[in-house]
Amino acid sequence: MATPKIQVLSEGAQRGTSFPLTKETYSLGRAESCDICIPDSTISGHHCTLIQGENGSYSLRDEGSTNGTRINGEHVEEGVEVKLNNGDIFQVGGIELLYDSGENTHVEIGRTATVINLDDTGVADHVSTTLHNMGGKTGAKRRVMLRDNRGHKIVFYVIIALLAILALGAVGYFLMSMAG
């Protein structure tokens, strides 16, 4: 049986990063003191804990995070351990991760996507630029990204307009001083 791992699916610098799971427990969060550190502002300092069960599979427990934890779109209550199954996609804050139990099973997600053990493909380590979202609900994150981009555009246009007004004022002042 291959080593279980989690892999970052969300866009960003850590997309495609895999974290092998070989210990009994892992703290996951933004703090550098966590076993698995994902430096993202939507993740709490100590967001959740991964706990190994007797059969080698892992469970996840939310540790009272600010932005919550979801498994396959379902909210995880604080302090409650939820068993992870091969192919589960869990979200901590705004970051999606894939749980790969290392089993040689295929798991159906929804109606069209199939998640398989990455070791079966012979290319377990992917370059982050070649990964595409492997499923799950990311609509909320996409809406936030679009809203942020729209806000940035508005600020950019306001700054450009103010600079244009200042430039026109400076040209007008220069012409008036030359004429008078």
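Rules used throughout
Residues numbered from 1 in each chain as written. Predicted model: local features only at pLDDT ≥ 70, side-chain atom pairs only at ≥ 80, totals over all residues. Heavy atoms only, no water. Helix = DSSP H or I, 4+ residues; strand = E, 2+ residues; numbered from the N terminus. Buried < 20%, exposed > 50% of the residue type's maximum accessible area, 1.4 Å probe, protein only. Contact = heavy atoms within 4.5 Å. Areas by Shrake-Rupley, 256 points an atom, 1.4 Å probe, with all protein chains shown as cover. Polar contact = N/O pair within 3.5 Å; in protein donor to acceptor, adjacent residues only side chain to side chain. Pairing = 2+ DSSP bridges. pLDDT = per-residue confidence, 0-100. Phe/Tyr/Trp six-rings, centres within 6.5 Å; stacked < 30°, edge-to-face > 60°. Lys NZ or Arg CZ within 6 Å of the ring centre and 35° of its normal. Salt bridge = Lys/Arg side-chain N within 4 Å of Asp/Glu carboxyl O.

(A) Here's a closer look at the overall build of the protein chain. Secondary structure assignment for the protein chain yields 2 helices and 13 strands. Within the protein chain, the fraction of its 180 residues that count as buried is 34%. Considering only contacts in the protein chain between residues 6 or more positions apart, those separated by 24 or more positions represent 38%. Summed over its atoms, the accessible surface of the protein chain is roughly 11100 Å², and 57% of this surface lies on carbon and sulfur atoms.

(B) Main features of the side chain of Ser57. Here Ser57 shows up in the loop between β5 (48-52) and β6 (58-62). According to the relative accessible area criterion, Ser57 is buried, its value standing at 11%. Separated by 2.7 Å, the side chains of Ser57 and Asn55 make a polar contact. Setting aside anything within four residues of it in sequence, one finds Ser57 in contact with Ile51, Gln52, Lys83 and Tyr99.

(C) Region of the structure containing the sheet that holds strand β2 (residues 18-20). The 6 strands are arranged β2-β1-β11-β10-β7-β8 in an open sheet whose pairing can be described as antiparallel. Of all the strands in the sheet, just β2 and β8 (74-75) have a single pairing partner and so form its edges. Bridging between strand β10 (residues 89-92) and strand β11 (residues 95-100) involves 4 bridges; their strand directions are antiparallel. Residue pairing in the sheet places Gln91 in a bridge with Glu96 of β11.

(D) Representation of the pairing of β5. Counting buried positions along β5 gives 4 out of 5 residues, so the element sits mostly inside the fold. Inspection of the sheet shows strand β3 (residues 25-29) paired to β5 by 4 bridges, in the antiparallel sense. Bridge assignment links Tyr26 to a residue of β5, and that residue is Leu50. Strand direction decides the pairing type here: β5 and β6, joined by 5 bridges, are antiparallel.

(E) Up close: the confidence of the model for the protein chain. Looking at the protein chain, the pLDDT average stands at 81 and 73% of residues meet or exceed 70. In the predicted structure, residues 109-114 sits below a pLDDT of 50 and forms 8 contacts with residues beyond four places in sequence or in another chain.

(F) Representation of the packing of aromatic side chains. The tally for this structure, following the rule as stated, stands at 2 aromatic pairs. When the ring of Tyr26 is compared with that of Tyr58, the centres are 6.4 Å apart and the planes differ by 55 degrees; the resulting orientation is tilted. You can see Tyr26 sitting in strand β3 and its partner Tyr58 sitting in strand β6, a full 32 residues away along the chain. Like Tyr58, Tyr26 is buried. Here the guanidinium or amino end of Lys23 rests over the ring plane of Tyr26, the centre of that ring lying 5.2 Å away.

(G) Representation of the sheet that holds β5. Strands sit in the order β4-β3-β5-β6-β9 across an open sheet of 5 strands; the sheet is mixed. Since the sheet does not close on itself, it has two edges, and those belong to β4 (36-37) and β9 (81-83), each with one partner.

(H) Inspection of the pattern of salt bridges at higher detail. Enumeration according to the criterion identifies 4 salt bridges in this entry. When the shortest N-O distance is used, the salt bridge between Asp35 and Lys23 registers 3.2 Å. Of this pair, Asp35 sits in the loop between β3 and β4 while Lys23 is found in the loop between β2 and β3, placing the two residues 12 residues apart along the sequence. The exposure class of Lys23 is partly exposed, given its relative accessible area of 39%. Connected through salt bridges with shared partners, the residues Arg61, Glu63 and Glu81 form a single ionic network.

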